[in-house]
Amino acid sequence: MISRFGSTSAMVVQQVEEGGKTYFLAIDEKGLYLTTARYLDRNLADPHRFTAARANTAARLAALRLDAAALTAAHQHLVRKAGEGEPRKKINPLKASKRGVKA
């Protein structure tokens with residue numbers, strides 16, 4: 001199942017060392033961001049994914065001599081949207097017809 005707010009190891013592009021700390025470069029539908037091991041594969045919302053700190057990711061990657069545009073293009077296949085690849089719930093046509101929902 002895809003996490004809408006957390007980070008998973010399937011989203012990780014590579015491991016990065018910055019200022020003596022280890023970060024994980026991850027990708028989602030909004031682009032690249034740096035996160036820590038604390039938020040990977042846990043049922044926690046990742047603040048690195050949804051805060052203003054994400055805005056300077058390109059500058060941080062440039063300081064590490066990494067090309068953000070090339071990394072995004074090369075790892076675009078890792079991006080999955082919520083609901084994609086999950087089995088759809090079966091709809092009972094009799095109940096759907098009473099609600100006006102098409103099966």
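Just so it is clear, the model here is predicted, and its values are computed rather than measured.

*Asks:* Honestly, the overall build of the protein chain in this entry has me stumped. Any pointers?
*Replies:* Looking only at helices and strands, the protein chain has three helices and three strands in total. Counting from the amino terminus, helix and strand elements in the protein chain follow one another as β-β-β-α-α-α. Taken across its 103 residues, the protein chain has 27% of its residues classed as buried. Pairs at least 24 apart in sequence give 52% of the contacts found in the protein chain among residues at least 6 apart. Approximately 7400 Å² of the protein chain is accessible, and the part contributed by carbon and sulfur atoms is 54%.

*Asks:* Sorry, what's going on with the side chain of Asp46 here?
*Replies:* Along the polypeptide, Asp46 turns up in the loop between strand 3 (31-35) and helix 1 (57-63). Within the structure, Asp46 has its side chain in polar contact with the side chain of Thr35 (distance 2.6 Å). Apart from the residues within four sequence positions on either side, Asp46 is in contact with Phe5, Gly6, Ser7, Tyr33, Thr35 and Tyr39.

*Asks:* Looking at this structure, I do not really get the environment of Gln15. What am I missing?
*Replies:* Relative to the helices and strands, Gln15 resides in strand 1 (residues 12-18). Along the chain, Gln15 and Leu25 lie 10 residues apart, while their C-alpha atoms are 6.1 Å from each other. Discounting chain neighbours no more than four positions away, the residues touching Gln15 are Thr22, Tyr23 and Phe24.

*Asks:* Mind showing me how you'd approach the pairing of strand 2 (residues 21-28) here?
*Replies:* Sheet faces and side chains relate simply in a regular strand, where the side chains alternate between the two faces. Along strand 2, six of the eight residues are buried, which leaves the element largely enclosed by surrounding structure. Both strand 1 and strand 2 contribute to a ladder of six bridges, which runs antiparallel. Considered in strand 2, the bridge of Val16 is made with Tyr23. Pairing between strand 2 and strand 3: five bridges, direction antiparallel. Bridge assignment links Phe24 to a residue of strand 3, and that residue is Thr35. Hairpin remark: strand 2 followed by strand 3, antiparallel, with two residues in the connecting loop.

*Asks:* Looking at this structure, how should I read the sheet that holds strand 3?
*Replies:* Read across the sheet, three strands follow the order 1-2-3 without closing on themselves; strand pairing throughout is antiparallel. Whereas interior strands pair on both sides, the edge strands pair on one side only; in this sheet they are strand 1 and strand 3. Ignoring strand direction, the axes of neighbouring strands in this sheet form an average angle of 30°.

Conventions used here
- Here the residue numbering is sequential within each chain, running from 1 through the sequence in written order.
- Restriction of local features to residues with pLDDT of at least 70 applies here, the model being predicted, together with a cutoff of 80 or more for giving and counting side-chain atom pairs; totals for whole chains, interfaces and linings are based on all residues.
- Computation of side-chain values covers all heavy atoms of the structure but excludes hydrogens and water.
- Labels follow the DSSP assignment, with helices taken as runs of H or I lasting at least four residues and strands as runs of E lasting at least two, numbered in each case from the N terminus.
- Burial classification: accessible surface area is computed with a 1.4 Å probe over protein chains only, and a residue below 20% of its type maximum counts as buried, one above 50% as exposed, and the rest as partly exposed.
- Note on contacts: a residue pair qualifies if any of its non-hydrogen atoms lie within 4.5 Å across the two residues.
- Under the convention used here, a 1.4 Å probe and the Shrake-Rupley method define accessible areas, while residue burial counts only the protein chains that appear.
- Under the rule applied, a polar contact is a pair of N or O atoms within 3.5 Å (in protein, one hydrogen donor and one hydrogen acceptor; residues adjacent in sequence only if both atoms are side-chain atoms).
- The rule for pairing is simple: two strands pair if DSSP sees at least two bridges between them.
- Here the axes come from fitting lines to C-alpha atoms, over the contacting stretch only for helices, and the angles between their N-to-C directions go from 0 to 180 degrees.

Just distances and angles here, no functional claims.
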